[in-house]
Amino acid sequence: MAKYMRGTVTAFSPFDARADAEALRKAMKGMGTDEETVLKILTSRNNAQRQEIASAFKTLFGRDLVDDLKKELTGKFETLMVSLMRPAYIFDAHALKHAIKGAGTNEKVLTEILASRTPAEVQQIKQVYLQEYEANLEDKITGETSGHFQRMLVVLLQANRDPDAGVDEGLVEQDAQVLFRAGELKWGTDEEKFITILGTRSVSHLRRVFDKYMTISGFQIEETIDRETSGDLEKLLLAVVKCIRSVPAYFAETLYYSMKGAGTDDDTLIRVMVSRSEIDLLDIRREFRKNFAKSLYQMIQKDTSGDYRKALLLLCGGDDE
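So, here is what we can say about the structure in this document. This is a predicted model, so every value here is computed, not measured.

Conventions used here
Residues numbered from 1 in each chain as written. Predicted model: local features only at pLDDT ≥ 70, side-chain atom pairs only at ≥ 80, totals over all residues. Heavy atoms only, no water. Helix = DSSP H or I, 4+ residues; strand = E, 2+ residues; numbered from the N terminus. Buried < 20%, exposed > 50% of the residue type's maximum accessible area, 1.4 Å probe, protein only. Contact = heavy atoms within 4.5 Å. Expected span 1.5 Å × (residues − 1). Core = buried A, V, L, I, M, F, W, Y, C linked by side-chain atoms within 4.5 Å. Salt bridge = Lys/Arg side-chain N within 4 Å of Asp/Glu carboxyl O. Axes fitted to C-alpha atoms, helices over the stretch in contact; angles between N-to-C directions. Parallel < 35°, antiparallel > 145°, perpendicular 65-115°, else oblique. Nonpolar A, V, L, I, M, F, W, Y, C, P; charged D, E, K, R; others polar.

### Section: the environment of Thr224
Thinking step 1. Mapped onto the elements of the fold, Thr224 is located in helix 14 (residues 221-228).
Thinking step 2. Thr224 sits in the buried class, given a relative accessible area of 0%.
Thinking step 3. Thr224 has contacts with Glu184, Phe194, Tyr213 and Phe219, leaving out every residue within four places of it along the chain.

### As for unusual backbone geometry
Thinking step 1. The residue after Ser13, namely Pro14, is reached through a cis peptide bond having omega 0°.
Thinking step 2. Secondary-structure assignment places Pro14 in the segment before helix 1 (17-28).
Thinking step 3. One non-glycine residue, Glu134, adopts positive backbone phi at about 50°.
Thinking step 4. Here Glu134 shows up in the loop between helix 8 (119-133) and helix 9 (137-144).
Thinking step 5. In this structure, Ala159 is a non-glycine residue whose phi angle is positive, near 55°.
Thinking step 6. Checked against the element boundaries, Ala159 lands in the loop between helix 10 (147-158) and helix 11 (169-182).
Thinking step 7. Its relative accessible area of 12% is what places Ala159 among the buried residues.

### Some points on helix 6 (residues 88-99)
Thinking step 1. Taking 1.5 Å as the rise per residue, helix 6 with twelve residues should run 16 Å; its terminal C-alpha atoms sit 18 Å apart, in good agreement.
Thinking step 2. On the buried face of helix 6, the contacting elements are helix 5 (75-85), helix 7 (107-116), helix 8, helix 9 and helix 17 (266-276).

### Concerning the nonpolar core
The tendency in soluble globular proteins is for nonpolar side chains to be buried as a group.
Thinking step 1. Ranked by size, the top nonpolar core spans 97 residues in total, and within it Met81, Leu198 and Met273 carry the most contacts.
Thinking step 2. If you tally residues by element for this core, the top one is helix 15 (residues 231-245), at nine residues.
Thinking step 3. Apart from the residues within four sequence positions on either side, Leu198 is in contact with Met152, Arg161, Leu206, Phe210, Ile225, Leu237, Val240 and Val241.

### Looking at the pattern of salt bridges
Thinking step 1. Enumeration over the complete set of coordinates arrives at 24 salt bridges.
Thinking step 2. In this structure, Lys76 and Asp266 form a salt bridge, with 3.9 Å as the shortest nitrogen-oxygen distance. Within this pair, whereas Lys76 is found in helix 5, its partner Asp266 is found in helix 17, the two being separated by 190 residues in sequence.
Thinking step 3. Given the relative accessible area of 44%, Lys76 is considered partly exposed.
Thinking step 4. Judged by its relative accessible area of 15%, Asp266 falls in the buried class.
Thinking step 5. A salt bridge links Arg286 to Asp283, with the shortest nitrogen-to-oxygen separation between them at 3.3 Å. With a gap of three residues between them, Arg286 and Asp283 both fall in helix 18 (residues 281-292), about one helical turn apart.
Thinking step 6. What makes Asp283 buried here is its relative accessible area of 13%.
Thinking step 7. Among the ionic contacts, a cluster of salt bridges with common partners joins Glu36, Lys40, Asp307 and Lys310.

### Digging into the packing of helix 6 against helix 8
Thinking step 1. Viewed as axis vectors pointing N to C, helix 6 and helix 8 meet at an angle of 75°, and their least axial separation amounts to 9 Å. With respect to helix 8, the element helix 6 is oriented roughly perpendicular. Contacts between helix 6 and helix 8 involve Tyr89, Ile90, Asp92, Ala93, His94, Leu96 and Lys97 on the former and, on the latter, Gln124, Ile125, Val128, Tyr129, Glu132 and Tyr133.
Thinking step 2. Its residues assigned to classes, the contact of helix 6 with helix 8 shows eight nonpolar, two polar and three charged.

Below you can see the structure in the form of C-alpha cells.
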C-alpha cells in the first residue's frame, strides 16, 4: 500500500550507494572524522537507501558501517546517527525492547509507541519482536507492568481497534454516557470502562464521543482523565486521547516537552525525530508552530549544539517562522 507521506526525509535522487559508502569510509578513515560528511549523507537519504549504503560499505571494505560509526562518533551525535541507520521496521521493536530491559521500565516509551501507532503497525511490531528477539512482546510487557496501566497496554497490543466505518450516533451517545457515569458521576472511577472504550472504538467514533462527552458533562475528556486517574495510567489514557484527536499534534507536544525547561530529554527528541522523519514530520512542524508560537526548528536550534544540532536541523528540514 503506497501511503501518502508527509515526512521531511524522502528518497534522494540521483542515489549511488557505492559512492556514498566510499565518501563515508573516507570521512572516517585515519586520524579524526569528517562529521559534516557523515551527517549530510545520513540525514539526506531515506532509511531504505541507508540500508543499501550499509550493504555497499560491507561489500567494498568488509567493514560494518554501524560499528564504524560507533567507533568514530560519540555522545548524542553518535546515538542519532546510529538510530538513523536502524532499519525502519526494527526501530519500534528495538525501542520497546530497551524500554523493558534491565532494572526499571521506561513507561514513557511504552506509552508513546503503543498510543500512537496504528493497529497494522502494532501487529508488525509484534511480529518483528518475535523474529528479532525470539520473545513475545506482550509477555515481556505484562511481566514488567501492573494494574490498569498493564491492562490498557494489553488492549492496545491486541491491535483490534474497530476500523473506521460510518459512525452510529446512538452508540456515540451511549459511550459518552458510559464514560460520564464511570468517572464524573461515580464515587471512585470505573477505569475498565475507559480502557475498553478508548482502546477498542474506531478513531472517527471516538472523536464524536469526545464532542458528545463535552456536551453532556461540560468537560473535555482530558480534564476528566486528569481528575479521575493518576500515574502511568493517566499518562497512557491522555496519550491515547491526544493521538485519537491528532497524532501530529501529540508528537508536536512530545517534542516541545522534550526540550522545554532545564535540560533536554535527548532520547525522546532523537526517537521522535527519527521515527517520524519519513511519516509526518511536516505535519508535526505545522502543529508545533500553531500550538507553541515558535517553530520546531528554532527550539532545536536553541536547545542543542554542535554536529548533533546540525543533524537534527537537517532532519527537521526547515524553519516555519
